[in-house]
Number of protein chains: 2
Amino acid sequence: MFTKRQQQIVETAIGLIAHKGIQNLTIKNLALQIGISEPALYRHFKNKLEIMKSILKYFQLTMQPSMLELKKEGKAIDKINDFIFKHYEILNQKQNLAKIIFAEANFQNDETLKDSLLLMMNNSQRLMQGIIQQAQENDEINTAVTAKNLTRMIIGSMRFMIIQWSMSGMIFDIEAEGKLLCEDLKKIMR
Amino acid sequence: MFTKRQQQIVETAIGLIAHKGIQNLTIKNLALQIGISEPALYRHFKNKLEIMKSILKYFQLTMQPSMLELKKEGKAIDKINDFIFKHYEILNQKQNLAKIIFAEANFQNDETLKDSLLLMMNNSQRLMQGIIQQAQENDEINTAVTAKNLTRMIIGSMRFMIIQWSMSGMIFDIEAEGKLLCEDLKKIMR
DNA sequence: TTTTAAAGTTAGCAAACACTAACCAAAAAA
DNA sequence: TTTTTTGGTTAGTGTTTGCTAACTTTAAAA
């Protein structure tokens, strides 16, 4: 998928955006940070847009393990529980990624970027909603709240917690706090 | 607070960011859109950073009516209900603002911007959490879920819905959908 | 009526931007 | 061993960026 150098470039790019926003991602800064010249970057990526696209691809690859939790066999509640845990575990390991994964604004300048981000967002939302819907039919999850809104509460609260975490300078333990959130989410699902 | 021209500049700037991200907000684009020359802009704002700061001020002023709903006297559930309704009503009227109000990434390039955005975010969160906490003590709201996490679910689901709305091209009726979300949020609070 | 201040103009500047041309060294393939 | 490919380099391109100098018009104040 990515060569070692390409992965380094993508990860450095994510770091630059995480630190000072998309306007901080310039070819010059990227080359400087890595310690090679600007033209050398173009041996690994056609242009800046391709780097941006690769960041999204990197998102997808990195978050795949947590998505897979939702695709396993088993009880809906357990799948959602494992999804949340995996999610926070990964983002705790890749904190720069946590800072920009929900910053859709960074990918608004190009239509193809915007579209593929929307696709990723819709995929996870649809998957979660499908699981909840089915579990509601099986009487595993409370039907008082619609599947759509329950999905919004779960994903929304997860996202919001991650944003609070990254904006506050990662001062709290996201995995511990995520565990507590997960417990409370289970309560409203029953 | 703002002169007419300043307000026009701020609103146009919000429109530019909403349309193609922060990288689309340039002095040239701004002047072009308004129909004046670039140097004319500098008669109204010292520099670009002051325009960015004014966008945040404009946020605050615009969302004040919905914040005030939380400061009224009355039942917690009613206050939260009115807060949600007002929120969606305002953002439905100012759709460009809806597109960027939760796009924290746009204000990451400057420390002072980042700080004042964090302050605004924390304020609304603290206010909401305080109301819920008190209502839990009065047995008005269910204590099964902690006030902190209930706040995350409410604000998180609201934010997520607005992001879905703006990214999907505003294809659904946010006020109607917000009403349904509000009903479901009330259910989990009881 | 004269003076002053506010708000506009054209022309242009230095720095930053994404990217290219041309060349070179080292490693891999033939 | 020769050839080709890969991944670097220095130097430089044209364009865009935020912003300024200097001048002009319009309207309010004296």
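Below is a short write-up of the structure. Because the structure is predicted, anything quoted here is derived from the model rather than measured.

1. Things to note about the overall build of chain A
No. 1: On a plain count of helices and strands, chain A comes out with nine helices and zero strands.
No. 2: Mapped from its N terminus to its C terminus, chain A presents α and β elements in the order α-α-α-α-α-α-α-α-α.
No. 3: Seen through its principal axes, chain A has C-alpha atoms that stretch 60 × 35 × 25 Å.
No. 4: Evaluated residue by residue, chain A yields a buried proportion of 54% over its 190 residues.

2. Digging into the interface of chain A and chain B
No. 1: Listed per partner, the contact involves 43 residues of chain A and 43 residues of chain B.
No. 2: For chain A, the biggest contributors to the area lost against chain B are Arg152, Phe160 and Met167 of chain A; these three give 19% of the whole.
No. 3: At the boundary of chain A with chain B, the tally comes to four salt bridges.
No. 4: The residue Glu177 of chain B makes a salt bridge to Arg152 of chain A at a minimum N-O spacing of 3.3 Å.
No. 5: Where chain A packs against chain B, one counts 13 residue pairs in polar contact (both at pLDDT 80 or more).
No. 6: Mapped by element, the contributors of at least two residues to the side of chain A that touches chain B are helix 1 (4-20), helix 7 (111-137), helix 8 (147-167) and helix 9 (174-189) of chain A.
No. 7: If you tally residues by element for the side of chain A that touches chain B, the top one is helix 8 of chain A, at 13 residues.
No. 8: Residue composition of the side of chain A that touches chain B, grouped by class: 21 nonpolar, twelve polar and ten charged.

3. So, helix 5 (residues 76-93) of chain A
Residues and elements named next belong to chain A.
No. 1: If you check helix 5, its first and last C-alpha atoms are 26 Å apart, about what 18 residues at 1.5 Å a residue would give, namely 26 Å.
No. 2: When we look at burial in helix 5, the residues that qualify are Ala76, Ile77, Lys79, Ile80, Asn81, Phe83, Ile84, His87, Tyr88, Ile90 and Leu91.
No. 3: Taken together, the buried residues of helix 5 touch helix 4 (48-71), helix 6 (95-101), helix 7, helix 8 and helix 9.

4. Side note on the relation of the copies chain A and chain B
No. 1: Overlaying chain A on chain B yields an RMSD of 0.0 Å, the required transformation being a rotation through 180° with an accompanying axial translation of 0.0 Å. Considering both components of the superposition, the chain copies are consistent with a two-fold axis. Nearest to the rotation axis, the C-alpha of Gly156 of chain A is located 2.1 Å from it, this being the minimum over chain A.
No. 2: Comparing contact sets, 100% of the residues at the interface of chain A also lie at the interface in chain B, consistent with an isologous, same-surface contact.

5. Here we look at the protein's contact with DNA strand C
No. 1: Inspection of the region around DNA strand C gives 16 residues, with Lys48 of chain A together with Arg5, Ser37, Arg43 and His44 of chain B positioned closest.
No. 2: Backbone atoms, meaning sugar plus phosphate, form 46% of the atoms of DNA strand C positioned within 4 Å of the protein.
No. 3: Interatomic distance of 2.7 Å between a side-chain N/O atom of Lys48 of chain A and a phosphate oxygen of DNA strand C.
No. 4: The separation between a phosphate oxygen of DNA strand C and a polar side-chain atom of Arg5 of chain B is 2.7 Å.
No. 5: Counting only elements with at least two residues in the surface near DNA strand C, the list comes to helix 3 (38-41) of chain A together with helix 3 (38-41) of chain B.

6. What about the protein's contact with DNA strand D?
No. 1: Residues in contact with DNA strand D amount to 17 residues; listed here are only the nearest, Arg5, Ser37, Arg43 and His44 of chain A together with Lys48 of chain B.
No. 2: Separating a phosphate oxygen of DNA strand D from a side-chain N or O atom of Arg5 of chain A is a distance of 2.9 Å.
No. 3: Listing elements by their share of the surface near DNA strand D, those giving two or more residues are helix 3 of chain A together with helix 2 (27-34) and helix 3 of chain B.
No. 4: Taken together, the residues that form the surface near DNA strand D break down as seven nonpolar, four polar and six charged.

7. A closer look at the packing of helix 5 of chain A against helix 9 of chain A
All names here are of chain A.
No. 1: At a minimum axis separation of 10 Å, helix 5 and helix 9 run at an interaxial angle of 160°. Classed by the angle they form, the pair helix 5 and helix 9 counts as roughly antiparallel. Between helix 5 and helix 9 lies a crossing whose hand is right-handed. Packed against helix 5, whose contacting residues are Ile77, Ile80, Asn81, Ile84, Phe85, Tyr88, Glu89 and Asn92, the element helix 9 presents Ile174, Glu175, Gly178, Lys179, Leu181, Cys182, Leu185, Lys186 and Met189 at the interface.

8. Side note on empty space enclosed by the protein
No. 1: Counted under the stated rule, the structure contains two cavities of 30 Å³ or more.
No. 2: Considered as a void within the structure, the largest cavity measures approximately 320 Å³ in volume.
No. 3: Taken together, 27 residues make up the lining of the largest cavity; nearest its centre are Phe102, Ala103 and Glu104 of chain A together with Phe102 and Ala103 of chain B.
No. 4: Of the residues belonging to the lining of the largest cavity, the class tally is 16 nonpolar, seven polar and four charged.
No. 5: Of the voids in this model, the second largest cavity is the one considered here, and its volume is about 30 Å³.
No. 6: Every residue lining the second largest cavity is listed: Gly156, Arg159, Phe160 and Ile163 of chain A together with Gly156, Arg159, Phe160 and Ile163 of chain B.

9. Overview of the packing of aromatic side chains
Residues and elements named next belong to chain A.
No. 1: Tallied over the full model, the rule gives two aromatic pairs over all chains.
No. 2: Here the aromatic rings of Phe59 and Phe107 are separated by 6.0 Å at their centres, their planes lie at 75°, and the arrangement is edge-to-face. Taken as a pair, Phe59 in helix 4 and Phe107 in the loop between helix 6 and helix 7 lie far apart in primary sequence, 48 residues in all.
No. 3: According to the relative accessible area criterion, Phe59 is buried, its value standing at 1%.
No. 4: Classification of Phe107 as buried rests on a relative accessible area of 1%.

How each quantity is defined
Residues numbered from 1 in each chain as written. Chains lettered and ligands numbered in written order. Predicted model: local features only at pLDDT ≥ 70, side-chain atom pairs only at ≥ 80, totals over all residues. Heavy atoms only, no water. Helix = DSSP H or I, 4+ residues; strand = E, 2+ residues; numbered from the N terminus. Buried < 20%, exposed > 50% of the residue type's maximum accessible area, 1.4 Å probe, protein only. Contact = heavy atoms within 4.5 Å. Buried area = accessible area lost by both parts, 1.4 Å probe. Salt bridge = Lys/Arg side-chain N within 4 Å of Asp/Glu carboxyl O. Polar contact = N/O pair within 3.5 Å; in protein donor to acceptor, adjacent residues only side chain to side chain. Nonpolar A, V, L, I, M, F, W, Y, C, P; charged D, E, K, R; others polar. Expected span 1.5 Å × (residues − 1). Least-squares fit on C-alpha atoms with pLDDT ≥ 70 in both. Near = heavy atom within 4 Å. Axes fitted to C-alpha atoms, helices over the stretch in contact; angles between N-to-C directions. Parallel < 35°, antiparallel > 145°, perpendicular 65-115°, else oblique. Left-handed = near helix turned anticlockwise from the far one by under 90°. 1 Å grid on protein atoms, 1.4 Å probe; cavity = no way out; pocket = protein on both sides within 12 Å on 5 of 7 lines; lining within 4 Å. Points joined across faces, edges and corners; volume = space filled by probe spheres on them. Phe/Tyr/Trp six-rings, centres within 6.5 Å; stacked < 30°, edge-to-face > 60°.

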